[in-house]
Amino acid sequence: MHPSTHGGEGDVTTSPPPVEYAVAIDHYLATLRLGEASRRVYRIALATWAWALVGRTPPRGRARRGAVPPIVPLALLDAPATALRLRSALDERAASADPRTVGRELSILRGALAWWRVRGWIDGDPLHVAGARLRSPAAPAAALAVLTPEQVAQIFGLPADLREQACWRLLYETSATVERLLALDVDDLDLARRRVRDSPSLRWGPGTARLLRLLLLGRTKGPLLLTRRRAAPGTPEHDRCPVTGRGRLSYRRAAEVFTAATVPLTPSGHGWTLRQLRSAGAAHRQRPARPPFRLDGHEVTGP
């Protein structure tokens, strides 16, 4: 491990790498545009891996949220035994958690490791064991399948609330990451041009535009996608709607609602995932027409 000379997005930094793993987590999270709830999920996931780095078993269930992880030097990520420790921890985690959860936590760690490597804070990739990349346990077949246009049409035909219809349609049409959409604020949208202001490639059709206009009635600032309830005391201002007082929708809640809503559509009874919907949008992008969706009992066709 050596002092970093290259920063992200063309920036250059000469600051030495942090000594502690926890401090490196702080630096990484500071670069991500996440809602407060999603940021908390990321922090818990990354902190949980600290136990594995020193060969200890992390707390399980709700105990993870308030647990204080061991102090771990960042340099330990380059230690020869680290890859095997992470492999063992992954196996243990898979025995007690849903494959999708394990996969998400592994993906979060992989993103942090890549960011630290780019900055020269670590040299290797501890997620490689004997030349093979660590992978999460196999998810149910329904979670891996590519959704067909007919299945997407079924999703848009569900009697879901306006928030969900707008979120799902926006995810499908832009193929942006779920985290990116949840981090959007109202003023990030160029409603007239049907695109995200700082990412013109993230565009949507007239059907989604109509949904967004209804969703944003009376709101010009604050998070795009909101919770049902008012934000808890202490919620950062940027994660709270100045009009309704409600908080920014979290990844966990958005994922839970979507999977629960799609359970009746899947023979396995597992439901689908938001990431599947996003992947379907990317796969179907070249098709001449979008699947229909339902709004107020009427079928509307997208671009």
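Because the structure is predicted, anything quoted here is derived from the model rather than measured.

1. Quick word on the packing of aromatic side chains
Stage number 1. According to the stated counting rule, one finds six aromatic pairs in the structure shown.
Stage number 2. The interplanar angle of 55° and the centroid separation of 5.9 Å between the aromatic rings of Y28 and W115 together place this pair among those described as tilted. Taken together, the residues Y28 in helix 1 (residues 21–30) and W115 in helix 5 (residues 99–118) connect sequence positions 87 residues apart. There is no split in this pair, since Y28 and W115 are both buried.
Stage number 3. Arranged with centres 6.5 Å apart and planes meeting at 70°, the rings of Y28 and W116 form a pair that is edge-to-face. Taken together, the positions of Y28 in helix 1 and W116 in helix 5 put the pair 88 residues apart, joining distant regions of the chain. Across the pair, W116 and Y28 agree in class, each one buried.
Stage number 4. In textbook terms, an aromatic cluster arises when at least three aromatic residues are bridged by ring pairs, as seen for Y21, Y28, W115, W116 and W121.
Stage number 5. It is R169 that lies over the ring of F156; its NZ or CZ is 5.0 Å from the centre.

2. Let's talk about the pattern of salt bridges
Stage number 1. One pass over the full model with this rule turns up 15 salt bridges.
Stage number 2. Measuring nitrogen to oxygen at the nearest pair gives 3.8 Å for the salt bridge that ties D198 to R33. Placement of D198 in the loop between strand 4 (195–196) and strand 5 (199–203) and of R33 in the loop between helix 1 and helix 2 (36–53) is noted, with a sequence separation of 165 residues between them.
Stage number 3. Judged by its relative accessible area of 37%, R33 is partly exposed.
Stage number 4. Across the pair R117 and D125 runs a salt bridge, and its minimum N-O distance is 3.8 Å.
Stage number 5. On the accessibility criterion, D125 (24% relative accessible area) is partly exposed.
Stage number 6. Here the salt bridges do not stand alone but share partners, grouping R33, R180, D188 and D198 into one network.

3. Points about the pairing of strand 5
Stage number 1. Bridge count between strand 4 and strand 5: two bridges; the pairing is antiparallel. Bridge pairing in strand 5 places V196 opposite S199.

4. Examining unusual backbone geometry
Stage number 1. If you check the backbone angles, S175 has positive phi at about 55° while not being a glycine.
Stage number 2. Structurally, S175 is set in the loop between helix 8 (162–174) and helix 9 (178–182).
Stage number 3. By relative accessible area, S175 is classed as buried at 12%.
Stage number 4. Notably, R194 is not glycine yet its phi reads approximately 55°, a positive angle.
Stage number 5. Exposure remark for R194: the relative accessible area of 31% places this residue in the partly exposed category.

5. Regarding the sheet that holds strand 4
Stage number 1. Reading across the sheet, the three strands line up as 3-4-5 and stay open at both edges, with antiparallel pairing between neighbours. Every other strand in the sheet has two partners, leaving strand 3 (189–190) and strand 5 as the edge strands with one partner each.
Stage number 2. For strand 3 and strand 4, the ladder comprises two bridges, and the chain directions are antiparallel. Note on strand 4: the bridge partner recorded for L189 is V196.

Conventions and cut-offs
- All chains use their own residue numbering, which begins from 1 and follows the written sequence.
- Given that the model is predicted, a residue must reach a pLDDT of at least 70 before its local features are reported, and side-chain atom pairs must reach 80 or more before they are shown or counted; all residues, however, enter totals for whole chains, interfaces and linings.
- Water and hydrogen atoms were dropped before computing side-chain values, which therefore reflect all heavy atoms in the structure.
- Working definition: rings of Phe, Tyr and Trp (its six-membered ring) pair if their centres are within 6.5 Å, and the pair is stacked with planes under 30 degrees apart, edge-to-face with planes over 60 apart, and tilted otherwise.
- Only DSSP runs of H or I reaching four residues or more are called helices, and only runs of E reaching two or more are called strands; each is numbered from the N terminus.
- Burial classification: accessible surface area is computed with a 1.4 Å probe over protein chains only, and a residue below 20% of its type maximum counts as buried, one above 50% as exposed, and the rest as partly exposed.
- When the NZ atom of lysine or the CZ atom of arginine is within 6 Å of a ring's centre and also within 35 degrees of its normal, the charge is said to sit over that ring.
- We define a salt bridge as a side-chain nitrogen of Lys or Arg found within 4 Å of a carboxyl oxygen belonging to Asp or Glu.
- Pairing between two strands is assigned when DSSP locates at least 2 bridges connecting them.

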